[in-house]
Amino acid sequence: MKVLCVHMNQTELEPIIYDAWPNSRIVNSTTWLDLPGERDNATTVNKTVVDDLFGWTKEDKTTMLDYPPVFPRYPIPFSTVLNLTGWAWGRAAIYILGQGGPAQSGEGTLTGAYPLCKLEVDITPRCSTLHSVLVSGTLAKALCDDRASNMAYSETNANATTIRGVKSWGDVGARWANSLSLGTGTTYLQQVLMTLALEPKNPNPGSFQVSLNPRLPSLAETLAVMAADTILGSLYNSPFVDHWVSP
Amino acid sequence: MTNDKGTRRSLNYHGTHIAAPASGSEDHFIPFEASRKQLPYHRPNTRRRHARVTNPVNSHDAKAARGGSPARNTLPTTNVAAEDTSRYARIRGYTPTITAIDAVEGTRHNNPQAARLHAFSHVYPVDEETDATLGASEDSPLSTKDDLPPGNDCPTRRDFGSPRFTWFSGAIIFTCSVSTVLSGVFVALALKGQRYGGYIGNSPEAKMNISAAILWTSIIAKTIELSFATCVVTLLGQVVSRKAIIASRSQGASLSELTLWRWVVQPGSMITSFEIGRYAGLSALGVLTLLSTILSTVYMTAATTLVQPVAKQSDWHDKVMMGSVRGEFVHATHIGRICQTPLYDLYGSCVDVENTGRSFSNLAEFLGHWRSIVTPDHNMSTRQEHRPTWIGLAYNNTYVAPQWVDVIETAEVSGTYNRVINNVSLAFPHIGVSSSVYDQRNVMPLSDTSDSIQPYSLWHRCPHL
């Protein structure tokens with residue numbers, strides 16, 4: 001499970017906020033769905049400042065899967081909006097755009113800071129699972145890289161590589177985000193998530209400084225943990241190899 | 001010196017006997033006093049005698065207190081200087097006196113008490129002169145000299161040597177062989193740390209159940225222990241008998257050697273009868289017995305620990321596991337199929353409910369975990385790999401512990417782009433392998449097939465998400 005959250009400001013978001021486009025019609029949660037073709041075609045060739053971070057290369061003119069997502073409007077503080085689908089089926093990632101609010105500490109604010117998060121799932125061959133049967137239950141532990149020692153999948157399957165972006169997870173992730181109402185209204189969950197967005201110690205460009213909060217989990221960490229069950233729930237009776245073998 | 005030695009030999013041979021005192025004291029009965037008198041020309045050659053005479057003052061004082069006659073002190077002294085007879089000569093000179101006293105030599109041997117009573121009639125005249133006779137006692141007829149083999153002097157009713165092959169010796173050889181072979185097998189099993197895998201267990205496939213295995217181990221261990229003790233005791237008996245009979249090679253067998261065998265059958269006697277150890281413990285036989293005692297005492301415990309099959313954690317060993325595969329990784333259709341609901345689930349509400357419930361549960365656990373480990377004086381690391389992951393309960397009572405991977409330096413990357421970049425990757429264990437534990441084809445130890453629930457671990461090699 002990979003979560004990438006990048007903070008942007010209002011101007012930087014303009015190219016991918018439909019509401020901010022010059023010729024846009026007024027959108028809200030109802031009209032966005034009703035606008036014929038608007039939501040389904042919600043992508044753009046607009047250039048953004050985070051294209052290279054998110055990998056929006058905009059090269060695939062047919063499926064437009066590597067085009068940036070477009071959100072209907074700016075989220076209000078402590079809320080989030082979603083972009084879950086691409087123009088064609090097969091986009092592996094889902095996107096969550098939110099806006100921070102006044103900081104918990106009372107000092108500084110994340111109002112006006114828009115974390116844009118991309119959730120995606122890879123399949124890695126560098127890990128192993130340690131399944132321990134204990135007296136009080138069982139423990140399944142992921143051991144990766146050095147901890148996997150010679151039990152990593154790649155040890156016996158030399159050709160195995162990391163599979164970037166499991167496309168079928170796009171559907172699962174979309175379902176998950178909708179279940180949690182991350183795209184509608186302002187829920188308590190959205191507020192919790194936006195509270196956990198990282199706050200830079202020094203927001204000035206040039207001497208920009210931010211680090212993980214030693215007293216709080218970060219937004220990306222929390223999203224990864226929350227979405228855990230989209231993976232775990234589907235692992236039962238799933239393949240033990242890195243590809244689907246048709247019966 | 002020779003005097004003392006001779007005296008001890010005499011003691012050894014008879015066990016409890018009569019005889020000559022270790023030190024020259026007038027209070028003791030000296031059986032040869034009479035003979036000295038009867039043979040006026042017998043000239044005992046003893047340095048003791050000589051020494052005493054040269055110091056008459058003490059002798060006089062001592063005798064005076066006991067009413068001895070001082071006048072006799074000087075009687076034998078005249079002969080002392082000239083004495084230098086050989087042992088042989090002394091023995092010959094002595095022999096007739098015994099017959100003169102007791103008339104029947106056998107009486108002295110078989111009934112020393114009678115001999116003593118008889119001899120006591122000579123005691124009263126004894127004075128310090130009796131010391132002189134001690135020189136003669138080293139050549140007692142009771143000592144085990146080469147020319148006095150017990151076989152001749154103490155005739156038994158029948159030959160106590162037995163032929164090499166009898167049913168008894170055959171049984172002993174058989175017992176010792178059994179002991180050797182079985183203990184060899186046990187040593188091999190213990191050294192190898194034999195794994196029995198599925199052969200022993202409570203599962204239907206097992207050839208032997210665990211309690212039977214424990215019973216058989218105990219039976220065999222006890223057999224080894226008993227046969228070993230039997231062999232050792234027999235060996236001790238043989239060695240001691242040999243020592244006693246073949247006098248030309250040794251000095252006979254001591255009482256403590258005769259009782260050494262009690263150590264083996266009754267280890268507690270090492271403490272209660274420590275005298276045995278005092279006299280025989282340091283000999284080769286004593287050390288051998290001690291070793292055997294310790295070995296036979298700890299054998300059962302050692303066998304239980306090292307040989308008795310127990311369910312235990314072994315080293316890692318490879319095993320190919322099997323599991324059912326019914327769908328792709330993270331596929332919506334597959335997830336929908338797994339989700340259990342009694343409703344006709346047209347819109348996949350089951351998955352929605354599950355997503356919502358589990359996600360909030362994960363969130364609550366994760367935040368709760370943070371709250372419990374972050375205290376005013378204990379912060380988490382700002383390095384991603386050291387930060388807590390969520391350890392939550394998934395399915396089948398399984399705790400899930402993921403790991404942060406592909407760690408990026410948040411501060412560094414964010415600094416490069418001049419914006420907050422929070423990028424994490426969480427690797428989850430393939431909990432699908434849990435179901436392989438319950439897959440009957442894999443024959444894994446489960447709580448209902450093992451009499452002790454031992455923790456074990458499976459380390460799976462499979463792709464991860």
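*Asks:* It is not clear to me how the overall build of chain B should be interpreted in this structure. Could you clarify?
*Replies:* Helix and strand counts for chain B stand at 21 helices and five strands. When the 465 residues of chain B are sorted by exposure, 25% land in the buried category. The long-range fraction of contacts in chain B, counting pairs at least 24 apart against all pairs at least 6 apart in sequence, stands at 68%.

*Asks:* Teacher, can you tell me more about the sheet that holds strand E4 (residues 114-120) of chain A here?
*Replies:* Sheet strands pair by backbone hydrogen bonding; their relative direction is either parallel or antiparallel. Pairing is antiparallel across the open sheet formed by six strands, whose spatial order is E2(A)-E3(A)-E4(A)-E1(A)-E4(B)-E3(B). Strands at the two margins of the open sheet, each flanked by one partner only, are strand E2 (79-83) of chain A together with strand E3 (403-405) of chain B. Neighbouring strand axes in the sheet, compared pairwise and without regard to direction, differ in orientation by 25 degrees on average. Across three bridges, E3 of chain B lies against strand E4 (residues 421-427) of chain B in antiparallel orientation. Bridge pairing links valine 405 of chain B to serine 425 of chain B in E4 of chain B.

*Asks:* Whenever I open this one, unusual backbone geometry confuses me. Can you help?
*Replies:* Negative phi values dominate among residues other than glycine, just as trans dominates among peptide bonds. Unlike most non-glycine residues, serine 181 of chain A shows phi in positive territory, near 55 degrees. Taking the C-beta count within 10 Å as the criterion, serine 181 of chain A has 15 such neighbours and is therefore assigned partly exposed. One non-glycine residue, aspartate 406 of chain B, adopts positive backbone phi at about 45 degrees. Positionally, aspartate 406 of chain B belongs in the loop between E3 and helix H20 (410-417). By the C-beta count within 10 Å, which is 17 here, aspartate 406 of chain B ends up partly exposed.

*Asks:* I keep staring at the interface of chain A and chain B and nothing clicks. Help me out?
*Replies:* When the parts come together, some accessible area is lost, and that loss is often what is quoted as the size of the interface. Contacts between chain A and chain B engage 81 residues on the former and 79 residues on the latter. Among the elements of the structure, strand E1 (2-8), strand E5 (127-134), strand E6 (137-144), helix H4 (153-156), helix H5 (167-179), helix H7 (219-226) and helix H8 (228-232) of chain A are those that each provide at least two residues to the side of chain A that touches chain B. When the residues that make up the side of chain A that touches chain B are grouped by side-chain class, the tally is 51 nonpolar, 20 polar and ten charged. Two strands pair when backbone bridges link them, and E6 of chain A and strand E2 (residues 398-401) of chain B are joined in this way by four bridges, in the parallel orientation. Bridge pairing in E2 of chain B links lysine 141 of chain A to alanine 401 of chain B.

*Asks:* Just checking my understanding: could you explain the environment of valine 420 of chain B for this structure?
*Replies:* Inspection of the secondary structure assignment puts valine 420 of chain B in the loop between H20 and E4. Separated by ten residues in the primary sequence, valine 420 of chain B and threonine 410 of chain B have C-alpha atoms spaced 8.0 Å apart. In this structure, valine 420 of chain B is in contact with His7, Leu198, Pro200 and Val210 of chain A together with Ser414 of chain B, ignoring residues within four places of it in sequence.

*Asks:* Before we go on, may I ask you to explain the pairing of E2 of chain A in this structure?
*Replies:* Looking along a regular strand, one sees side chains alternate from face to face of the sheet. Residues and elements named next belong to chain A. Among the five residues in E2, five count as buried, and that is most of the element. Here E2 shows a buried face lined by Ser79, Val81 and Asn83 and a second buried face lined by Thr80 and Leu82. Pairing of E2 with strand E3 (residues 94-99) involves five bridges; the strand directions are antiparallel. In the strand pairing of E3, leucine 82 is matched with isoleucine 96.

*Asks:* Please clarify how the packing of helix H11 (residues 167-192) of chain B against helix H12 (residues 210-245) of chain B should be interpreted in this entry.
*Replies:* The geometry of a pair of packed helices is captured by two quantities: the angle between their axes and the separation between those axes. Residue and element names in this part refer to chain B. It is at 8 Å that the axes of H11 and H12 come closest, and there the two elements cross at 135 degrees. The orientation of H11 with respect to H12, classified from their angle, is oblique. Crossing angle aside, the handedness with which H11 passes H12 is left-handed. For the pair formed by H11 and H12, the contact residues are Ile172, Thr175, Cys176, Val178, Ser179, Leu182, Ser183 and Phe186 on the first element and Ile220, Thr223, Ile224, Ser227, Phe228, Thr230, Cys231 and Thr234 on the second. Of the residues contributing to the contact of H11 with H12, the split by class is nine nonpolar, seven polar and no charged.

*Asks:* Hey, could you run me through the pairing of E1 of chain A in this one?
*Replies:* Counting buried positions along E1 of chain A gives six out of seven residues, so the element sits mostly inside the fold. Sheet topology note: the E1 of chain A/E4 of chain B ladder contains five bridges and is antiparallel. Note that in E4 of chain B the partner of valine 6 of chain A across the bridge is isoleucine 421 of chain B. Bridge count between E1 of chain A and E4 of chain A: seven bridges; the pairing is antiparallel. Counted as the bridge partner of methionine 8 of chain A is tyrosine 114 of chain A from E4 of chain A.

*Asks:* So what exactly am I meant to see when it comes to helix H17 (residues 284-306) of chain B here?
*Replies:* Every α-helix carries 3.6 residues per turn, so stepping three or four residues along brings you back to the same face. Residues and elements named next belong to chain B. Of all the bends in H17, the largest measures some 45 degrees and sits at tyrosine 299. Buried within H17 are the following residues: Thr289, Ser292, Thr293, Ser296 and Ala303. Each element contacted by the buried residues of H17 is listed here: H11, H12, helix H14 (261-265) and helix H15 (269-272).

*Asks:* Mind showing me how you'd approach the nonpolar core here?
*Replies:* Counting 80 residues, the largest nonpolar core has Val3, Cys117 and Leu223 of chain A as the members making the most contacts within it. If you tally residues by element for this core, the top one is H7 of chain A, at six residues. One finds Ala229, Cys231, Ala280 and Ala303 of chain B within the second-largest nonpolar core, a separate group that totals 15 residues.

About the thresholds
- Residues numbered from 1 in each chain as written.
- Chains lettered and ligands numbered in written order.
- Predicted model: local features only at pLDDT ≥ 70, side-chain atom pairs only at ≥ 80, totals over all residues.
- Helix = DSSP H or I, 4+ residues; strand = E, 2+ residues; numbered from the N terminus.
- Buried ≥ 20, exposed ≤ 12 C-beta atoms within 10 Å, placed from the backbone.
- Contact = placed C-beta atoms within 7 Å.
- Pairing = 2+ DSSP bridges.
- Axes fitted to C-alpha atoms, helices over the stretch in contact; angles between N-to-C directions.
- Nonpolar A, V, L, I, M, F, W, Y, C, P; charged D, E, K, R; others polar.
- Parallel < 35°, antiparallel > 145°, perpendicular 65-115°, else oblique.
- Left-handed = near helix turned anticlockwise from the far one by under 90°.
- Bend = angle between axes of the 7 residues up to and from the residue.
- Core = buried A, V, L, I, M, F, W, Y, C linked by C-beta atoms within 7 Å.

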